[in-house]
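Chain by chain, the residues run as shown.
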Amino acid sequence: MTTTTDRTASAIHDEELHAAHNYHPLPVVVASGDGAWVTDVEGRRYLDCLAAYSAVNFGHGNPVLVAAARDQLDRITLTSRAFHNDRLGTFVTELAALCGKDMVLPMNTGAEAVESGIKVARAWGYRVKGVVPDAANIVVMAGNFHGRTTTIISFSDDPDARDDFGPFTPGFRMVPYGDAAAVEAAIDANTVAVLVEPIQGEAGVVVPPAEFLPALRTLTRERNVLLIADEIQSGLGRVGATFACDLVGVVPDLYLLGKALGGGIVPVSAVVGDRDVLGVLQPGQHGSTFGGNPLAAAVGTEVVRMLATGEPQERARALGAHLHDRLMQLVGRGIVAVRGAGLWAGIDIDPGIATGRAVCEALMRRGVLAKDTHGSTIRLAPPIVVEPSDLDWAVDQLEAVLAELSPR
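Read on for a plain summary of the structure. It should be emphasised that the depicted structure is a prediction, and the values quoted were computed from it without experimental measurement.

Conventions adopted
- Residues numbered from 1 in each chain as written.
- Predicted model: local features only at pLDDT ≥ 70, side-chain atom pairs only at ≥ 80, totals over all residues.
- Heavy atoms only, no water.
- Pairing = 2+ DSSP bridges.
- Helix = DSSP H or I, 4+ residues; strand = E, 2+ residues; numbered from the N terminus.
- Axes fitted to C-alpha atoms, helices over the stretch in contact; angles between N-to-C directions.
- Core = buried A, V, L, I, M, F, W, Y, C linked by side-chain atoms within 4.5 Å.
- Buried < 20%, exposed > 50% of the residue type's maximum accessible area, 1.4 Å probe, protein only.
- Contact = heavy atoms within 4.5 Å.
- Disulfide = S-S within 2.5 Å.
- Phe/Tyr/Trp six-rings, centres within 6.5 Å; stacked < 30°, edge-to-face > 60°.
- Lys NZ or Arg CZ within 6 Å of the ring centre and 35° of its normal.
- Salt bridge = Lys/Arg side-chain N within 4 Å of Asp/Glu carboxyl O.

Observations concerning the sheet that holds strand β5 (residues 137-141)
Argument step 1. One open sheet holds the 7 strands; their spatial order is β4-β10-β9-β8-β7-β5-β6, and the pairing between them is mixed. Each having just a single partner strand, β4 (103-107) and β6 (172-175) make up the two edges of the open sheet. The sheet shows a mean angle of 20 degrees between the axes of neighbouring strands, taken without regard to direction.
Argument step 2. The pairing of β4 with strand β10 (residues 269-273) spans 5 bridges and is antiparallel. The partner of Leu 105 across the bridge, within β10, is Val 271.

The structure is reproduced here in structure tokens:
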């Protein structure tokens, strides 16, 4: 059984004392990682079943990505976009090709990609669609999570994200997730975009009805509205396809990408779209000192090349099918429901047994790291490089935890 030692306690104490309390982490202090496994300061190993919210899709210390970063560290890491660098052109060309689009707007964090997508949509609305000045609106989904900047939390319905952070930015209309008729009713002449997570991650890996995204694609085309897909967590191999949109044959106007795009090494995000949309931006109207930096571009290029082979996607699809089959066998045995796609699962714990947090703490003591959300739900999102036997072992630990916690 895992216990808190002086070394662990000291590290946690220092963090708690001087780091703002914007997270509630499990009491484990990670010191190193390799593939799907991490090791704490005491030398204990854990199977990472969160992968930094899918930022580490390709594993901790992926040798190809680490080599690209090390090589670039010896050359140059930052020029700002005031000058060209010899890495950015290759990165944006290959990323655009992977997405089947023309242009890339490189940024850093996922929230920056969402903010940038909002700006692009508004500019497109005014400059191309002819929306009344300062009247643009964007349709968003209940239960969404797109980040925690002031604009983004303005269209969140999560009280933890919103309370005491107002006044909020106007221009957003919230509708129920999965309800295409509600989206249609919310669109008017000043609507510039529909912003949607193809699978809602923070909400508990919520998968919409199969017809939802295709209906949105048809509707947005008919009404001359952009469809923006936030694939920051769901994209880049996680669901067994390059994008979750691929699972239902939908191509949005804009992809919002992040997390895995930096290989778990550097923050890299991007807005990807065609020239008739992203081309509305002109010099001086948007920017980022670090966006498109040579180090990020070098790592990002290798990520794109891995995905271009299709191998990570196929591995996530095959392993994900096995994972979901194993998890479904636990429904009725401490689990109420299982959702997800590929190597991404949302698991609703019977609230009569335990909270999601309690289950994650018990899993941690058994060497499995997972994350809870919304009370009784836990999420599993191991690196795509995870071994099948490790997945089985993780599910075995979950089964054991549920048995321990169940009333006798």
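Here's the deal with the nonpolar core
Argument step 1. Among the nonpolar cores identified, the biggest contains 39 residues, and Leu 327, Ile 347 and Leu 398 are the most heavily contacted of them.
Argument step 2. Discounting residues that sit within four places of it in the chain, Ile 347 has contacts with Leu 327, Ile 335, Ala 337, Ser 376, Thr 377, Ile 378, Leu 380 and Leu 398.
Argument step 3. One finds Ala 123, Trp 124, Leu 254 and Leu 278 within the second-largest nonpolar core, a separate group that totals 29 residues.

Observations concerning the sheet that holds strand β3 (residues 45-48)
Backbone hydrogen bonds are what pair the strands of a sheet, in a parallel or an antiparallel way.
Argument step 1. Spatially, β1-β2-β3-β13 is the arrangement adopted by the 4 strands of the open sheet, whose pairing is mixed. Strand pairing shows two members of the sheet lacking a second neighbour, β1 (30-34) and β13 (368-369), which therefore form its edges.
Argument step 2. Pairing of β3 with β13 involves 2 bridges; the strand directions are parallel. Within β13, the position partnered with Leu 47 by the bridge is Val 368.

A look at the pairing of strand β2 (residues 37-40)
Argument step 1. In this sheet, β2 lies alongside β1 in antiparallel orientation, the contact comprising 4 bridges. From the neighbouring strand, Val 30 faces β2, where its bridge partner is Asp 40.
Argument step 2. Linking two consecutive strands that pair antiparallel, namely β1 and β2, is a turn of 2 residues; a positive phi of about 65 degrees is found at Gly 35 within it.
Argument step 3. The antiparallel hairpin formed by β2 and β3 contains 4 residues in its connecting segment, where Gly 43 sits at a positive phi of about 90 degrees.

A word on the state of the cysteines
By definition, a disulfide links two cysteine residues through a covalent bond between their sulfur atoms.
Argument step 1. Scanning all chains against the criterion turns up 0 disulfides.
Argument step 2. Left unpaired, Cys 245 is separated from the closest cysteine sulfur, that of Cys 99, by 11 Å.
Argument step 3. Summary of cysteine pairing: Cys 360 is not part of a disulfide, and the nearest cysteine sulfur, belonging to Cys 49, is at 10 Å.

Overview of the packing of aromatic side chains
Here the distance between the centres and the angle between the planes together describe a pair of aromatic rings.
Argument step 1. Here the structure, examined in full by the defined rule, presents 4 aromatic pairs.
Argument step 2. Ring centres 5.6 Å apart and planes at 75 degrees place the aromatic pair Tyr 177 and Phe 212 in the edge-to-face group. Of the two residues, Tyr 177 sits in the loop between β6 and α8 (180-186) while Phe 212 sits in helix α9 (residues 212-222), which places them 35 residues apart along the sequence. For the pair Tyr 177 and Phe 212, a shared accessibility class is recorded, and that class is buried.
Argument step 3. Plain terms: the ring middles of Phe 243 and Tyr 255 are 4.2 Å apart, the flat faces sit at 25 degrees to each other, and that makes the pair stacked. Separated by 12 residues along the polypeptide, Phe 243 in the loop between β8 (226-230) and β9 (254-257) and Tyr 255 in strand β9 bring together distant segments of the chain. The two residues Phe 243 and Tyr 255 agree in class, both being buried.
Argument step 4. Looking at Arg 162, its charged tip hangs above the ring of Phe 168, at a distance of 4.0 Å from the centre.

Quick look at the pattern of salt bridges
It is possible for side chains bearing opposite charge to pair when their charged atoms get close.
Argument step 1. All chains considered together, the criterion is met by 18 salt bridges.
Argument step 2. As a salt-bridge pair, Glu 387 and Arg 315 come within 4.0 Å of each other at their nearest N and O atoms. Pair noted here: Glu 387 is in the loop between β15 (377-380) and α14 (388-405) and Arg 315 is in helix α12 (residues 311-328), with a separation of 72 residues, a long-range link.
Argument step 3. Owing to a relative accessible area of 42%, Glu 387 belongs among the partly exposed residues under this scheme.
Argument step 4. Taking the shortest distance from any N to any O, the salt bridge between Glu 361 and Arg 357 comes out at 2.9 Å. Of the two residues, Glu 361 and Arg 357 are both situated in helix α13 (residues 356-365); the distance of 4 residues between them amounts to about one turn of the helix.
Argument step 5. Judged by its relative accessible area of 26%, Glu 361 falls in the partly exposed class.
Argument step 6. Each member of the salt-bridge network shares a partner with another, and the members are Glu 94, Glu 302 and Arg 305.

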